[in-house]
Amino acid sequence: MIKTRSIWISAASMSCIAISASHAFAQTARAPFIVPAWAFPTAPAASPAQKPDSVVLHRVPNAAREYTMRQVGNAFDIPDWFPPSHPQMPAPVQYGTRPNARACGFCHLPDGQGRPENGTLAGLPSEYIVKQVRAFRDSTRLAANPASKTNSMHLVATSTSDADVSIAAEYFSKLKLTRRNIVREVTQVPRTKIEVMLYAYDGAGTEPIDGRLIEVPETFERHELRDPTVVYTTFVPIGSIARGRRLATNGPNTPATACATCHGPQLLGKDAVPPIAGRSPSNLLRQLMNFRTGARHDSLSITMAPVVEKLTERDMVSLAAYVGSRPPSVSVVAKQKKGR
Ligand code: HEC
Ligand code: HEC
């Protein structure tokens, strides 16, 4: 049984979900939305926890460095496969502070490209980064699926000093998102299994895509080695990108909700509104669901409320597929034009 179809009913529409008082969020007038479990892949904890190996040296393609799994898993002196790909990391990004303020670069990677389960920081406005960390800290930014391990930002946010968050925000805001996602429209998706917080290929064979959006790294091993150059492919139903483009351009609600109104003509961000083009589609999808259910309800998120209030699961899959397939930065757009 691969396709678990268990569901969480959004807390905005039902009050029976066990959320502690500090994690409860405001009731909203949004139409009920059923959060699909498949959008928040979460594997059960491995038992018993294995000590990472400290002998065997691993490599990733085109990198000169070698690390053991123990070094790769060190959140207080993080692996850095490609030092020339980014400026020197400030201490909160490279080392963090024990015991709980893990280094930002451990999860979001030294060049800020991030991983699907945590997201890109490269090129986000610095004030936006600071604001989001504050929202994680005061629990006005949660995940639509309360069981999701994406809630791990809460501990980092409550353990990192404001000064360190500002330093990290400044660093990441100057970097550029360069990764280009591959988005593929299919009727059949390769078989996958859930590893930690992500889908990974599971041998041969396919199964129906069945309305889902499934993002998979080339190899799970390279993802686990925190290789910032591993390519992720996102599988979506046929027609998703064109449908997403229509919704994005016309606005899913009123014309004022067209994505470019606030996120800029190429969806590369405008003032404090974050860029969304070319980012991980599965992450974009979860954010839309987080807004849709009210799990994200910090002060700025109110701007997204009219955008998401009528979105269906299919709308969100289409929007995430379209937005994720757009070129992620001006330089990439320029390069593509030149190359033509
Ligand atoms: C243990 C892993 C981990 C570490 C370390 C970590 N993060 Fe995160 N971060 C996450 C996860 C997971 C999410 C996604 C949460 C969600 O969307 O619900 C996230 C999301 C974010 C976001 C939201 C991005 C967006 O597009 O909205 C920001 C900003 C952020 N982190 C900043 C930081 C900063 C700054 C640091 C260092 C002080 C840091 N993170 C350290 C795991 C981590
Ligand atoms: C009226 C202005 C406005 C419109 C229109 C708008 N957005 Fe947003 N969007 C925002 C703001 C402001 C934020 C930051 C919210 C916050 O800080 O919580 C945001 C955040 C987001 C995020 C989260 C990014 C992250 O880093 O986590 C996504 C995804 C997103 N918008 C997608 C869309 C899509 C897709 C559309 C079009 C269908 C759209 N937005 C239309 C204002 C807008």
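Summary of the structure given here. (Residues numbered from 1 in each chain as written. Chains lettered and ligands numbered in written order. Predicted model: local features only at pLDDT ≥ 70, side-chain atom pairs only at ≥ 80, totals over all residues. Heavy atoms only, no water.)

Relative to strand S5 (residues 198-208), strand S4 (residues 188-195) is paired through 7 bridges, and the arrangement is antiparallel. Paired with isoleucine 194 across the bridge in S5 is tyrosine 199. Linkage of S4 to S5, two consecutive antiparallel strands, is achieved through a turn of 2 residues, within which valine 196 is found at a positive phi near 55°. (Pairing = 2+ DSSP bridges. Helix = DSSP H or I, 4+ residues; strand = E, 2+ residues; numbered from the N terminus.)

As a further point, take the packing of aromatic side chains. As enumerated under the stated definition, the model contains 2 aromatic pairs in all. Judged by centre distance (4.8 Å) and plane angle (80°), the ring pair of tyrosine 67 and tryptophan 81 falls under edge-to-face. Residue tyrosine 67 is found in the loop between strand S2 (34-36) and helix H1 (69-72), and its partner tryptophan 81 is found in the loop between H1 and helix H2 (91-94); the two are separated by 14 residues along the sequence. Each member of the pair, tyrosine 67 as well as tryptophan 81, is classed as buried. (Phe/Tyr/Trp six-rings, centres within 6.5 Å; stacked < 30°, edge-to-face > 60°. Buried < 20%, exposed > 50% of the residue type's maximum accessible area, 1.4 Å probe, protein only.)

With that settled, consider the environment of aspartate 210. Within the secondary structure, aspartate 210 is located in the loop between S5 and strand S6 (214-217). Note on aspartate 210: relative accessible area 41%, which makes it partly exposed. Sequence spacing of aspartate 210 and glutamine 188 is 22 residues, and the spatial spacing of their C-alpha atoms is 8.3 Å.

In this section: the coordination of the iron atom of ligand 1. Protein coordination at the iron atom of ligand 1 comes from His108 (NE2) and Met153 (SD), with a distance range of 2.1 to 2.3 Å. Around the iron atom of ligand 1, the 6 donor atoms are arranged such that angles at the metal cover 81 to 179°; this shape is classified as octahedral. Here methionine 153 lies in helix H5 (residues 153-159) and histidine 108 lies in helix H3 (residues 104-108), a separation of 45 residues in the sequence. There is no split in this pair, since histidine 108 and methionine 153 are both buried. (Donors = N, O, S within 2.8 Å, 3.2 Å for Na, K, Ca; no water. Tetrahedral: all angles 85-135°; square planar, octahedral: opposite > 155°, others 65-115°.)

Attention now goes to the site of ligand 2. Taken together, 25 residues lie near ligand 2, and Cys259, Cys262, His263, Arg296 and Met304 sit nearest. Between ligand 2 and tyrosine 128, the relevant distance is 3.0 Å, taken from an oxygen atom to a side-chain nitrogen or oxygen of the residue. Between an oxygen atom of ligand 2 and a side-chain N or O atom of aspartate 298, the distance comes to 3.1 Å. Counting residues per element, the ones that place at least two in the shell around ligand 2 are helix H4 (126-137), helix H9 (259-263) and helix H10 (281-293). Counting residues per element, the shell around ligand 2 draws most heavily on H10, at 4 residues. Counted by class, the shell around ligand 2 contains 16 nonpolar, 6 polar and 3 charged residues. (Near = heavy atom within 4 Å. Polar contact = N/O pair within 3.5 Å; in protein donor to acceptor, adjacent residues only side chain to side chain. Nonpolar A, V, L, I, M, F, W, Y, C, P; charged D, E, K, R; others polar.)

Each protein donor to the iron atom of ligand 2 is listed here as His263 (NE2) and Met304 (SD); together their distances run 2.0 to 2.2 Å. The coordination sphere of the iron atom of ligand 2 comprises 6 donor atoms, whose angles at the metal cover 85 to 179°; the geometry is octahedral. Pair noted here: histidine 263 is in helix H9 and methionine 304 is in the loop between H10 and helix H11 (305-308), with a separation of 41 residues, a long-range link.

Next up on the list: the sheet that holds S6. Overall, mixed pairing links the 3 strands, which are arranged S3-S7-S6 in an open sheet. What marks the edges here is a single partner per strand, and that holds for strand S3 (182-186) and S6. Pairs of neighbouring strands in the sheet enclose a mean axial angle of 25°, with direction left out of account. As paired strands, S3 and strand S7 (residues 232-237) are joined by 5 bridges and run parallel to one another. (Axes fitted to C-alpha atoms, helices over the stretch in contact; angles between N-to-C directions.)

Turning to the site of ligand 1, a few remarks are in order. Close to ligand 1 lie 22 residues; Cys104, Cys107, His108, Met153 and Arg279 are nearest. Histidine 108 is positioned such that a nitrogen or oxygen atom in its side chain is 2.8 Å from a nitrogen atom of ligand 1. One of the side-chain N or O atoms of arginine 141 is found 2.7 Å from an oxygen atom in ligand 1. Looking at the shell around ligand 1 element by element, the count peaks at 5 residues for H4. Taken together, the residues that form the shell around ligand 1 break down as 11 nonpolar, 7 polar and 4 charged.

The subject of this paragraph is the environment of phenylalanine 76. Locating phenylalanine 76 in the fold gives a position in the loop between H1 and H2. In this structure the C-alpha to C-alpha distance between phenylalanine 76 and proline 92, which are 16 residues apart in sequence, comes to 9.1 Å. The residues touching phenylalanine 76, leaving out its near neighbours within four places in the chain, are Gln94, Tyr95, Gly96, Thr97, Arg98, Pro99, Asn100, Ala101 and Arg102. (Contact = heavy atoms within 4.5 Å.)

The subject of this paragraph is unusual backbone geometry. Between arginine 98 and the following residue, proline 99, the backbone shows a cis peptide bond with an omega angle of 5°. Secondary-structure assignment places proline 99 in the loop between H2 and H3. Located in the positive-phi region is asparagine 62, a residue other than glycine, with phi close to 70°. Mapped onto the elements of the fold, asparagine 62 is located in the loop between S2 and H1. For asparagine 62, a relative accessible area of 77% corresponds to the exposed category. Located in the positive-phi region is aspartate 210, a residue other than glycine, with phi close to 55°.

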